[in-house]
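# Structure assessment
One-letter residues, chain by chain:
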Amino acid sequence: LCFRRYFVTALTSCLFWNMLGFSGAVDSKPNILLFLADDLGIGDIGCYGNNTIRTPNIDSLAREGVKLTQHIAAAPLCTPSRAAFLTGRYPIRSGMASSDRYRVLQWNAASGGLPPNETTFARLLQQQGYTTGLIGKWHQGVNCESANDHCHHPLNHGFDYFYGMPFTLQNPCQENKPREIPVALQAKLWLYSQIIALAVLTLTVGKLTGLISIRWKIIASLTLAGGVFFIYWYSSYGFMRYWNCILMRNHDITEQPMRLEKTASLMLKEAVSFIKRNKHGPFLLFVSFLHVHTPLFTTKKFRGKSRHGLYGDNVEEMDWMVGEILDSLDKEGLKNHTFTYFASDHGGHLEAWDGSAQLGGWNGIYKGGKSMGGWEGGIRVPGLFRWPGVLPAGRVIDEPTSLMDIYPTLVHLAGGILPQDRVIDGRNLVPLLRGRVQKSEHEFLFHYCGSYLHAVRWHEKDSGAIWKAHYVTPIFHPPGAGGCYGRRFCPCFGEGVTHHDPPLLFDLSRDPSEARPLSADTEPHFDTVIKKIGRAVEEHRRTLTPVPEQLSFYNTLWKPWLQPCCGTFPFCWCDKEGDSTQSS
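For the protein chain, an unreviewed UniProt entry supplies the name ARSD Arylsulfatase and the organism Thinocorus orbignyianus. Among the UniProt annotations of the protein chain, the heading Sequence similarities (unreviewed entry) holds the following wording: "Belongs to the sulfatase family." Checking UniProt for the protein chain, the heading Cofactor (unreviewed entry) contains the comment "Ca(2+)".

Below is the structure:
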């Protein structure tokens, strides 16, 4: 009886792996290690052409595995891109695409975030027996209605363990750095505060003199609303470091505010510890780097060592961390049994400067950068895979792929089943990575800026052409500069964009830099291509259903009752890490 059970189990496992396209001595689920950099440009690492910033450990993944050259983020900013990565779905499907100017979460105490009804790959792998961990940046929200409901928290989205930053790095996280909250937002908050204060004063005088008939409850509600706007405005000048820059272990705050001189070593220690604790597997470890987002805090060991200033130092420190984590796999004998992936959440931030010092990444030959939903520089990112003995070493794939593809790829590797009650936009990459197929399953990719469709990519498989039509592009400032240096971030709509009818059309297979737009005079298939893409847009929009907008102005507004606090609000402060980890 025992032999029969063993035989059935082994046969089932064999059939499962053969179904995925594997053969040979693969007899169990692989461990999964995901690295996701923050704001890293595709031109910042050696295996994508950079010969001045040293990234030997990241480069080793390309040498020992598979490199994608057309790996595309589903959004050009952190919050929506990471939502798509986690769910395998365009952000607009989950409500993580904004129709206003606030396209990412602005506060830990905002009520928006990844909806609880979204199913992440961590949740599905958890159901397949994986121990799941997230080390580093989250930026998908924390609470919905109270300071302890944790409805958006990683532990509510399939992760068994979380250590890191529920928010994202900002300049105020480092002392003596200028604030990062948009000046326009501050001005709006101050204006609203003044308008509400004037309204409350007028209504109160009218009520007391009998000139206006109004209930005190309405005046009290207006006063409360005005107080929230005022506190939000006032807090942007000093409290951001205490309220946004925090570290958490699971639901507990361990540092508030976080001490950046310790953060890199703490993250590394936690990642290595997770691997050791779960070496008997299977495990999913998602290392979501705080590098290389401003303020680029870099430990003393790496400061001044690169040829590209503080930004290059920060990239090289991240590469070292990648190496240390890969070494821990080797020490535990897990290298050949671990599926490893490295990418960035979107393109480098061109407009990040401090005087004459560039603080953002380089996007190689590609036009545009972070915040630009259409241009390649904002969405084309590194994509590296390694699984020794299973994936071919040194393979380069030029087919269009997406960060959303990681979702179905991991679910298949774990033996899970994709949700059947929703649209999954990602595609399983295993056959392509293995070389069993030569073409990507993606025929069309839709490039959003917030909730606005800016461009569409059509992979015409018969001809090999990769057409890209731009319906909307940002207006660069100054003209021809390649970025929106007068704004810091390019907008998605309004006076800062240009609408194109007919769309700008490029063939990326011949013009990857998007330097030469085609026309009916220069491209015989121009009208046919534009019509084909137009029909694809119509079909795509028919698959969209209305959902609550998680990044609305209200949902991104700071709410004191949602503020994670180690102590008694508003006196939030603690350091539970103590001095156990010294800065490098």
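### Remarks on the packing of aromatic side chains
For the structure on display, the rule yields 21 aromatic pairs. Taking 5.7 Å as the distance between ring centres and 45 degrees as the angle between the ring planes, the aromatic pair formed by Tyr102 and Phe553 counts as tilted. A residue pair is termed long-range when its members are at least 10 positions apart, and Tyr102 in the loop between α4 (91-94) and α5 (121-127) and Phe553 in helix α15 (residues 553-556) qualify at 451 residues. You can call Tyr102 buried: its relative accessible area is 6%. A connected cluster of aromatic rings, assembled from ring pairs, spans Phe85, Phe121, Trp138, Phe159, Phe286, Phe339, Tyr341, Phe385 and Trp387.

### Concerning the environment of Ile53
Here Ile53 shows up in the loop between β1 (31-37) and α2 (56-64). By relative accessible area, which is 5% here, Ile53 ends up buried. Spatially, the C-alpha atom of Ile53 lies 52 Å from that of Ile196, the residues being 143 residues apart in sequence.

### Quick notes on the nonpolar core
Ranked by internal contacts, the top residues of the largest apolar core, which has 51 residues, are Phe35, Leu40, Leu285 and Phe342. Only β1, α2, β4 (161-165), α9 (260-277), β7 (283-288) and α10 (309-331) provide two or more residues apiece to this core. Among the elements that take part in this core, α9 stands out by supplying 9 residues, more than any other. Apart from the residues within four sequence positions on either side, Phe35 is in contact with Val287, Phe289, Val322, Ile325, Leu326, Thr340, Tyr341, Phe342 and Ala343.

### Observations regarding the sheet that holds strand β14 (residues 444-449)
Ordered in space as β14-β15-β16-β17, the 4 strands form an open sheet in which the pairing is antiparallel. Each edge of the open sheet is held by one strand with a lone partner, namely β14 and β17 (497-507). Direction aside, neighbouring strands of the sheet carry axes that sit 15 degrees apart on average.

### Some remarks on a nonpolar patch on the surface
Taken together, the side chains of Leu198, Leu201 and Val205 make up a nonpolar region of the molecular surface, amounting to roughly 290 Å² of accessible area. Following the sequence through the fold, Val205 ends up in helix α6 (residues 183-209).

### Comments concerning the pairing of strand β2 (residues 66-72)
Across the 7 residues of β2, 7 count as buried, placing the element largely inside the fold. Here 5 bridges tie β2 to strand β11 (residues 380-386), and the two strands are oriented antiparallel to one another. For Leu68, the partnering residue across the bridge sits in β11 and is Gly383. As paired elements, β2 and strand β12 (residues 395-397) share 3 bridges and run parallel to each other. In the sheet register, Leu68 faces β12, and the bridge partner there is Ile397. Relative to strand β13 (residues 401-402), β2 runs parallel, the two sharing 2 bridges.

### Side note on the side chain of His454
Here His454 lies in strand β15 (residues 452-459). Exposure remark for His454: the relative accessible area of 1% places this residue in the buried category. For His454, the residues in contact, after removing those within four places along its chain, are Gly373, Gly374, His447, Tyr448, Cys449, Ala469, His470, Tyr471, Val472, Pro491 and Cys492.

### Points about the packing of α9 against α10
Direction vectors running N to C along α9 and α10 enclose 20 degrees, while the axes themselves pass 9 Å from each other. Between α9 and α10, the angle is such that the two are roughly parallel. The interaxial crossing formed by α9 with α10 has right-handed handedness. Of the residues in α10, those in contact with Ala264, Met267, Leu268, Ala271, Val272 and Ile275 of α9 are Glu317, Trp320, Met321, Glu324, Ile325, Ser328 and Leu329.

### Section: the packing of α2 against α10
Where α2 meets α10, the axes come as close as 7 Å, and the angle between the chain directions of the two elements is 60 degrees. Considering their axes alone, α2 and α10 lie oblique with respect to each other. Judged by residue contacts, Pro56, Asn57, Ile58, Ser60 and Leu61 of α2 engage Met318, Asp319, Trp320, Val322, Gly323 and Leu326 from α10. Of the residues assigned to the contact of α2 with α10, the class counts are 7 nonpolar, 3 polar and 1 charged.

Calculation rules
Per-chain numbering applies: the sequence of each chain, read as written, is numbered from 1 onward. Under the rules for a predicted model, residues below a pLDDT of 70 receive no local features and side-chain atom pairs below 80 are neither given nor counted, while totals for whole chains, interfaces and linings still include all residues. Note that the side-chain values use all heavy atoms of the structure and ignore hydrogens as well as water. UniProt positions are given in the numbering used here, feature names are shortened, and annotations may be inferred rather than shown by experiment. Within 6.5 Å between ring centres, the rings of Phe, Tyr and Trp (the latter by its six-membered ring) count as paired, and their orientation is classed by plane angle as stacked under 30 degrees, edge-to-face over 60, tilted in between. Numbering goes from the N terminus for both helices and strands, where a helix is a DSSP run of H or I of at least four residues and a strand is a run of E of at least two. For every residue, the accessible area (1.4 Å probe, protein chains only) is compared with the maximum for its type, and the residue is labelled buried under 20%, exposed over 50%, or partly exposed between those bounds. Here the nonpolar core consists of buried residues drawn from Ala, Val, Leu, Ile, Met, Phe, Trp, Tyr and Cys, with membership extended through side-chain atoms lying within 4.5 Å. What makes two residues a contact is simply this: any of their non-hydrogen atoms within 4.5 Å. In this scheme, strands are said to pair when DSSP sees at least two bridges between them. A fitted line through C-alpha atoms represents every axis, and for helices the fit uses only the stretch in contact; the resulting angles, taken between N-to-C directions, go from 0 to 180 degrees. Exposure above 30% relative accessible area and no salt bridge define the residues that can form patches, which grow by joining like charges within 9 Å and nonpolar side chains of Val, Leu, Ile, Met, Phe, Trp and Tyr within 5 Å. We get accessible surface area from the Shrake-Rupley algorithm with a probe of 1.4 Å; when it comes to residues, only the shown protein chains can shield them. Take a side-chain nitrogen of Lys or Arg and a carboxyl oxygen of Asp or Glu: if they are within 4 Å of each other, that pair is a salt bridge. In these notes the angle categories are as follows: under 35 degrees is roughly parallel, over 145 is roughly antiparallel, 65 to 115 is roughly perpendicular, and the rest is oblique. Handedness of a crossing follows from how the near helix is turned relative to the far one, being left-handed for an anticlockwise turn of less than a right angle and right-handed for a clockwise one. In the scheme used here, Gly and all other residues not listed as nonpolar or charged are polar, with Ala, Val, Leu, Ile, Met, Phe, Trp, Tyr, Cys and Pro taken as nonpolar and Asp, Glu, Lys and Arg as charged.

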